[in-house]
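So the chains spell out like this:
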Amino acid sequence: MGIGIKIRELRQRAGLTQKGLALKIGVTPSAVGNYERDVSFPKEEVLMSLFDAMECTPNELLGVSAVNDGEYEHIKMYRALDDRGKETVDSCMRAELKRCMDENEVLIAARNGGPPHKIKLKRRGERTIFDVPDYGGGRY
């Protein structure tokens with residue numbers, strides 16, 4: 001998919017006409033049409049204006065989106081919050097992340113009758129592996 005199709009999709013998602021987008025980014029409506037048909041490519045300063053006008057990231061416009069549509073909606077809502085709202089969301093996010101990380105810990109029996117040790121499960125690719133503590137040279 002070329003950048004022209006992405007410009008059209010993002011422009012429509014932002015609820016803009018070609019003329020409306022052209023006014024926001026300081027080009028003619030025919031220039032926007034040329035971008036959307038891949039006849040021409042926007043210059044760097046126009047690209048920067050496109051990101052702001054269409055409320056998108058460079059990766060999203062260039063077709064390398066790191067977030068899906070649902071995540072993007074969450075980001076938009078977060079950006080609309082005031083400082084107090086962002087603090088509340090951040091606090092909740094940290095608590096949930098800790099809960100999720102704690103669920104990935106397993107208690108194992110210690111050697112030589114010591115107290116049990118917690119180990120964390122780590123993901124590497126599709127497999128889950130143990131982060132095993134170093135017992136210092138004994139036989140395993």
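Not measured: the values here are computed from a predicted model.

## Concerning the overall build of the protein chain
When you go through the protein chain residue by residue, the secondary structure sums to seven helices and three strands. Residues counted as buried form 22% of the 140 residues belonging to the protein chain. With the model as given, the accessible surface of the protein chain reaches about 10,400 Å², and the carbon-plus-sulfur share is 54%.

## Quick look at the nonpolar core
In terms of nonpolar packing, the biggest core is built from 18 residues, with I7, L21, I25, L50, M54 and L61 touching the most fellow members. Elements represented by at least two residues in this core include exactly α1 (3–13), α2 (18–25), α3 (29–36) and α4 (44–53). With near-sequence residues (within four places) excluded, I25 lies in contact with V32, Y35, V46, S49, L50 and A53.

## Some words on the packing of α1 against α3
It is at 6 Å that the axes of α1 and α3 come closest, and there the two elements cross at 120°. The pairing of α1 with α3 is recorded here as oblique in orientation. Of α3, the residues touching α1 (which contributes G4, I5, I7, R8 and R11) are V32, Y35 and E36. Partitioning the contact of α1 with α3 into residue classes produces four nonpolar, one polar and three charged.

## What to know about α1
Listing the buried residues of α1 in full gives I3, G4, K6, I7, L10 and R11. Buried residues along α1 cover an arc of 160° about the axis, so they all sit on one side. On its buried side, α1 packs onto α2, α3, α4 and α5 (58–61). Directly beyond the C-terminal end of α1, a positive phi value near 75° is found at G15.

## Points about unusual backbone geometry
The residue D38 is not glycine, and still its phi comes out positive at about 60°. Tracing the backbone through its elements, the reader meets D38 in the loop between α3 and α4. Exposure remark for D38: the relative accessible area of 42% places this residue in the partly exposed category. Even without a glycine there, the phi angle at E55 is positive, about 50°. If you trace the backbone, E55 turns up in the loop between α4 and α5.

## Re a nonpolar patch on the surface
Judged by side-chain polarity, L81, V89 and M93 come together as a nonpolar surface patch covering roughly 240 Å² of accessible area. Residue placement: V89 occurs in helix α7 (residues 83–103). Given the relative accessible area of 31%, V89 is considered partly exposed.

Conventions used here
- Residues numbered from 1 in each chain as written.
- Predicted model: local features only at pLDDT ≥ 70, side-chain atom pairs only at ≥ 80, totals over all residues.
- Heavy atoms only, no water.
- Helix = DSSP H or I, 4+ residues; strand = E, 2+ residues; numbered from the N terminus.
- Buried < 20%, exposed > 50% of the residue type's maximum accessible area, 1.4 Å probe, protein only.
- Areas by Shrake-Rupley, 256 points an atom, 1.4 Å probe, with all protein chains shown as cover.
- Core = buried A, V, L, I, M, F, W, Y, C linked by side-chain atoms within 4.5 Å.
- Contact = heavy atoms within 4.5 Å.
- Axes fitted to C-alpha atoms, helices over the stretch in contact; angles between N-to-C directions.
- Parallel < 35°, antiparallel > 145°, perpendicular 65-115°, else oblique.
- Nonpolar A, V, L, I, M, F, W, Y, C, P; charged D, E, K, R; others polar.
- Arc of directions from axis to C-beta.
- Patch = residues over 30% accessible without salt bridge, like charges linked within 9 Å, V, L, I, M, F, W, Y side chains within 5 Å.
- Salt bridge = Lys/Arg side-chain N within 4 Å of Asp/Glu carboxyl O.

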